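Letter by letter, the chains look like this.
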Amino acid sequence: MPNHSETRRRFLQLGAAALGAGLAGCRQQTTPPGPPTGGPDASGTQPPAAPANAATGPTSADQATPANPQAAGSRTTGAAVDEGPLPYGIDLEKWRKLRGRPYEVGQSPMPGVCQLPGPLAKRNWPDRDKYKDVTTVPGMCQLCSTICGIVGYVKDGRLLKIEGNPRDPNSRGRLCARGQAGLNHQYHPERLLYPLKRVGKRGEGKWKRISWDTALGEIADRLGKIRASGHPEEFAFHQGRQRSKDALARFLRAFGTNTQLSHRSLCSGNRRAANLTYLWESDWDLNDVEHSKYILNFGSNAFEAHQGHVPFANRIQNGRFHNGAKMVTFDVRLSNTAGASDEWFAPFPGTDGAVALAMAHTILNDGLQDDDFINRWTNVTTAELRDHLTTYTPAWAEQVSGVPAADIARIAREFADAAPACTTMCNRGSSAHLNGFYNDRAINLLNALVGNVGKKGGWCFSPWGGVDPQFKTPPLPPSAKTWSVLEDPPEYPLANVWRRMRVGEVIYLYLLQGRAKLEAYMTYNLDSPLTWPEESLTQEVLGNEELIKYHVCINCYYNETAHYADLVLPWSTYMERWDLDARASYNLKPYVGLRTPMVEPLGEARDVRDFFPELARRIGGGMEAWYPEQDTEEYMRKWAANVPVNPATGKGGLDRLLDEGAWEDPTREPNYEPFKAPLGDAELDGADIDPTSGIITKDGIGIGLLQDGKPVRGFLTPSRKFEVRSLFVNKIGRNEDCSELIARSGMTKTKNRPPQHAGKTVEVDEMPIWFQPPEHQGLADDELIMTSFKWNVHNHGRTMHLKWLAEIVHTNPAWLNPKTATKFGLQDGDWIEIASYQSTMLQEASPHLAHGEADASGRVEVDRMRVPIVTMEGIHPRAIAMSNSCGHTQYTRVAQARRRSDGEGFLVGAEPDHYRDADWERNMWWEDQSAGAPGKWVRNTGNGWNQNKLMPIAPDPISGQQAFHDTVVRIKRLGV
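Predicted, not measured: the structure shown is a model, and the values here were computed from it.

Asker: Could you clarify how one ought to interpret the overall build of the chain in this entry?
Answerer: On a plain count of helices and strands, the chain comes out with 31 helices and 29 strands. The buried share among the 976 residues of the chain stands at 62%. Pairs at least 24 apart in sequence give 76% of the contacts found in the chain among residues at least 6 apart. On the chain, roughly 35,500 Å² of surface is accessible, and the fraction owed to carbon and sulfur atoms is 50%.

Asker: How should I be thinking about the pairing of strand β12 (residues 422-426) in this particular structure?
Answerer: For a regular strand, side-chain orientation follows a simple rule: the groups alternate between the two sheet faces. Counting buried residues along β12, five of its five residues qualify, which places the element largely inside the surrounding structure. For strand β9 (residues 294-298) and β12, the ladder comprises five bridges, and the chain directions are parallel. In the sheet register, Ile 295 faces β12, and the bridge partner there is Thr 423.

Asker: I tried to follow the nonpolar core on my own but got confused; where do I start?
Answerer: Side chains that are nonpolar tend, in soluble globular proteins, to be buried together. Counting residues in hydrophobic clusters, the biggest one holds 74 residues, and the most contacted among them are Phe 298, Phe 330, Met 359 and Phe 728. If near-sequence neighbours (up to four positions away) are discounted, Phe 728 is found in contact with Trp 280, Val 497, Trp 498, Cys 738, Leu 741, Ile 742 and Thr 750. Core analysis: the next-biggest nonpolar cluster, separate from the first, contains 55 residues, Val 485, Leu 486, Ala 821 and Ala 963 among them.

Asker: Just checking my understanding: could you explain the sheet that holds strand β17 (residues 579-581) for this structure?
Answerer: By definition, the strands of a sheet pair up through backbone hydrogen bonds, in either a parallel or an antiparallel sense. Read across the sheet, three strands follow the order β17-β18-β19 without closing on themselves; strand pairing throughout is antiparallel. The strands lining the two open edges of the sheet, one partner per strand, are β17 and β19 (662-664). Strand-to-strand, the axes of this sheet are offset by a mean angle of 15°, without reference to chain direction. Looking at chain direction, strand β18 (residues 591-595) and β19 are connected through three bridges and run antiparallel.

Asker: Sorry if this is basic, but what is going on with helix α8 (residues 269-279) here?
Answerer: Three or four residues apart is the spacing at which side chains of an α-helix point the same way, because the helix has 3.6 residues per turn. Within α8, 11 of the 11 residues are buried, which leaves it mostly tucked inside the rest of the structure. Note on α8: the residue one or two positions beyond its end, Trp 280, has a positive phi of about 65°.

Asker: Would you mind going over the sheet that holds strand β3 (residues 158-164) with me for this structure?
Answerer: The strand order across the open sheet formed by three strands is β1-β2-β3, and the pairing between neighbours is antiparallel. Both edges of this open sheet fall to β1 (135-140) and β3, since each of them pairs with a single strand only. Strand-to-strand twist of the sheet, defined as the mean angle between neighbouring strand axes without regard to direction, takes the value 30°. As defined by bridge partners, strand β2 (residues 149-155) adjoins β3 across six bridges and the pair is classed as antiparallel. Looking at β3, one finds that Val 154 is bridged to Leu 159.

Asker: What am I meant to see in the packing of aromatic side chains here?
Answerer: Considering all chains together, one arrives at 41 aromatic pairs under this definition. Ring centres of Tyr 294 and Phe 415 lie 6.2 Å apart, and the angle between their planes is 80°; this geometry places the pair in the edge-to-face category. With Tyr 294 in strand β9 and Phe 415 in helix α15 (residues 405-418), this residue pair connects regions lying 121 residues apart in the sequence. For the pair shown, Tyr 294 and Phe 415 are each scored as buried. Look at Tyr 392 and Trp 396: their rings are 5.2 Å apart centre to centre, the planes differ by 70°, and that puts the pair in the edge-to-face class. Aromatic rings pair up to connect Tyr 278, Phe 373, Trp 377, Trp 459, Phe 461, Phe 675, Phe 715 and Phe 722 into one cluster. One residue, Arg 515, lies across the ring of Tyr 510, its end atom 4.0 Å from the ring centre. Over the face of the ring belonging to Trp 284 we find Arg 583, whose NZ or CZ atom lies 5.8 Å from the ring centre.

Asker: It is not clear to me how the packing of helix α5 (residues 212-228) against helix α6 (residues 245-255) should be interpreted in this structure. Could you clarify?
Answerer: Between two packed helices, both the angle of their axes relative to each other and the distance between the axes serve to describe the pair. Two elements in contact, α5 and α6, have axes whose closest approach is 11 Å; the angle formed by their N-to-C orientations is 50°. Judged by the angle between their axes, α5 and α6 are oblique. Between α5 and α6, the residues in contact are Leu 223, Ile 226 and Arg 227 and Phe 251, Ala 254 and Phe 255, respectively. In the contact of α5 with α6, the residues fall into five nonpolar, no polar and one charged.

Asker: What's the story with the packing of α6 against helix α21 (residues 608-619) in this structure? I'm lost.
Answerer: Two elements in contact, α6 and α21, have axes separated by 10 Å at closest approach and are oriented at 10°. Taken together, the axis directions place α6 and α21 in an arrangement best described as roughly parallel. Residues Asp 246, Ala 247, Leu 248, Phe 251 and Phe 255 of α6 lie in contact with α21, whose contacting residues are Val 608, Arg 609, Phe 612, Leu 615, Ala 616 and Ile 619. Grouping the amino acids of the contact of α6 with α21 by side-chain chemistry returns nine nonpolar, no polar and two charged.

Asker: Quick question: what am I supposed to make of the pairing of strand β6 (residues 235-239) here?
Answerer: Of all five residues in β6, five are buried; the element is thus mostly enclosed. The alternating pattern of β6 places Phe 235, Phe 237 and Gln 239 and Ala 236 and His 238 on opposite faces, both of which are buried. The sheet contact formed by β6 and strand β14 (residues 520-524) spans five bridges and is parallel. By the bridge assignment for β14, Ala 236 is matched with Tyr 521. For β6 and strand β7 (residues 260-261), the ladder comprises two bridges, and the chain directions are parallel. Across the sheet, residue His 238 finds its bridge partner in β7, namely Leu 261. At this point the chain moves from β6, through α6, to the parallel β7, and the crossover so formed is right-handed.

Procedures and definitions
Residues numbered from 1 in each chain as written. Predicted model: local features only at pLDDT ≥ 70, side-chain atom pairs only at ≥ 80, totals over all residues. Heavy atoms only, no water. Helix = DSSP H or I, 4+ residues; strand = E, 2+ residues; numbered from the N terminus. Buried < 20%, exposed > 50% of the residue type's maximum accessible area, 1.4 Å probe, protein only. Contact = heavy atoms within 4.5 Å. Areas by Shrake-Rupley, 256 points an atom, 1.4 Å probe, with all protein chains shown as cover. Pairing = 2+ DSSP bridges. Core = buried A, V, L, I, M, F, W, Y, C linked by side-chain atoms within 4.5 Å. Axes fitted to C-alpha atoms, helices over the stretch in contact; angles between N-to-C directions. Phe/Tyr/Trp six-rings, centres within 6.5 Å; stacked < 30°, edge-to-face > 60°. Lys NZ or Arg CZ within 6 Å of the ring centre and 35° of its normal. Parallel < 35°, antiparallel > 145°, perpendicular 65-115°, else oblique. Nonpolar A, V, L, I, M, F, W, Y, C, P; charged D, E, K, R; others polar. Right-handed = clockwise from strand over helix to strand, strands pointing away.

Shown next as structure tokens:
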């Protein structure tokens, strides 16, 4: 019989030695027992001592310290173990040397740090009592725009863990890596906790800590003078990702400025403009993929970088695995979404619209269209479409895109055969181009041809882009009447006519050109030097005290924007503040979610909901009248008052949301085919019907459409149909009066262009068309087209400070196809110099953007950058790709991949000793030791490079969408 006891003894001894070496300085704990179900935690507490009569590992007195080096040699596992020689030649001294030393900690432990070294010291690990008597608090994540519902586990005032809230109807309890890393965002040694005032030159990085009283007094004095001057528009508020729209609107309207700037044109301007052209009432398509049979994807990376991310990805996979849906992706790069598709094609950059129009040609040519939908519910006929699409053949599309004509035709037939349970989906991959508006119009057209619009499993939409409209905010001031070229640049006709989308990428250029002046500039959750195109121009303007007289930055961390501020205010995290919030839901019905303080704000961090009322009272002049509530909770109770009572708990209003985190009306049906909704007698009383068009109006305003003798709602467009042909975009581009068209739509918030747009015209085609930017035609042998992408663990410039995410992705070499690399004599790891250029198309179409000196060929260089390359098949041979999110020069040492502090000036506003995290100081294996020498660089080290240094300011002339995927670059190999 084998001696199992001896075998087990030897196994335990060997396992202890191996684990001691491999887990020395163990950092991130495994999934803990107890209520939470997944993801990392942040106990940060010492395990309790074992009972005196228990068999234990070494006591704290036995732990290895510099004064007691021999203590590490103790060998106990859980029962007495023979102290004789270790078997199989184990080197005891080596084991002692490899064993970890305790982490240096501050007064508040950091997430993911095991405070006792080595497995033998973990007498109670994971801590079996960690989640005993915890309080669960619902909330909403804000580390990306998807705002998934979350639950925080709180004990003794400390947040221990975050996971998804299963009661959130949109995210359904799922949570991505970013959401799990919220603990790093909450507890971080370099988080700003106190107000800062600049004491050196702007951008020099010298600061002193001041009180909130001093800070608000100084801001109120500045803003009060601007308001009294009669030019309130010279105060601009510039937001990055924000989810407190009501709080911002309340303050800015009360102040009297309409100069509220955003980043929407850097994100989704063309996609929204294309949707609004067809629908008017909604700028966001909600593809009903969960019930689809066929998903046709143009450039959308839903599994990594979509505004609907987790909810959308979850439903895509449900549709594929439970409904048998096929997914075909067209993307210049093999994203995770493309890689998980049934088929992937890499078209030439910017040719998505050409492929889509060729598919439309095939559907009509083969008679696969839905004539009933086209002729009854669109404002064109089948014959008109067939005539319009005559030249857009698959053979033509193959020539410009490189996608085989046979595949284009086959996929078009498969898509039509699956109707109406089929849908397109698209995003920045198709829209962030100089022709992006037309790309997305062409893609959307496919849905009209097969009649899937508004159908279950089809291309759906929702007019509710946020909180369920039955929940009204407390009264807000009337909108301001001011105008600013920064908020409403007259060169971009579709930027602001339906919604205020704005054109953010031109702000700093217009200031540099003297087209506007700012007496005060307040930034909020913004990192424009990293995320805006032309990094050097952005830095130049932010650092110029003549162009921006006074800059207040509101942020949780000292980032590249704060570096150029005069005053920095410490913002509370989304785990410390209040909001009612929601996104357009993939359930196709509205809901409401709650963001609530899970813990008290650290230090003196405050939210705008808390200090804007005080600032308004200090400014005075009537602003204070718009803040009657005693505190933020009173305001939130008013806002959430209509949440119905839950019979099971007896709680309604805010109390119900504090329990459950979200509420969706169970009696409301999904928003399928809303255009078929009948009009009631009350709506028809006093209405008129146009005998030719069938449009029903009341008091001159459109309310519906007569279809087959029945009054129905129709689409909220000028024709009350799905607008394939848009007279509106053509007329608004020419700056013509569109009052009649607006009235017929019933969407009376849509506006004509203001007088300040006089003389600014752009030709916008009535129909979906496609063109190729001139600079993409006939590329030179040494030219490529640069594209951008985002990793699934990051969100533009706001997540690289999170150590759990930075360890996964922290650098961004350029992607090249192996054939391209061979052509340039390159191999994996080689370094190249990239030179980028402004758009030649925009030099002609948008001369107001002119800046910089042209070279002998007439091209204007933007900048140069040296980066290493990585070769892979998953990219088009004429493209070069780099991810964003990397290349921070500020925003914590984690984001900069630096272990040690250089005594940064902003740390006077933090508490790095109190919140000490020795984890990255000891374990940041990705710190770059090359000192900038390419030959010494080690792969996968460093903080990467800011791709936006190379990106030119390049707004689509129609909507103003930044063309992030069109930049022509030249590359050359560097010697090392």
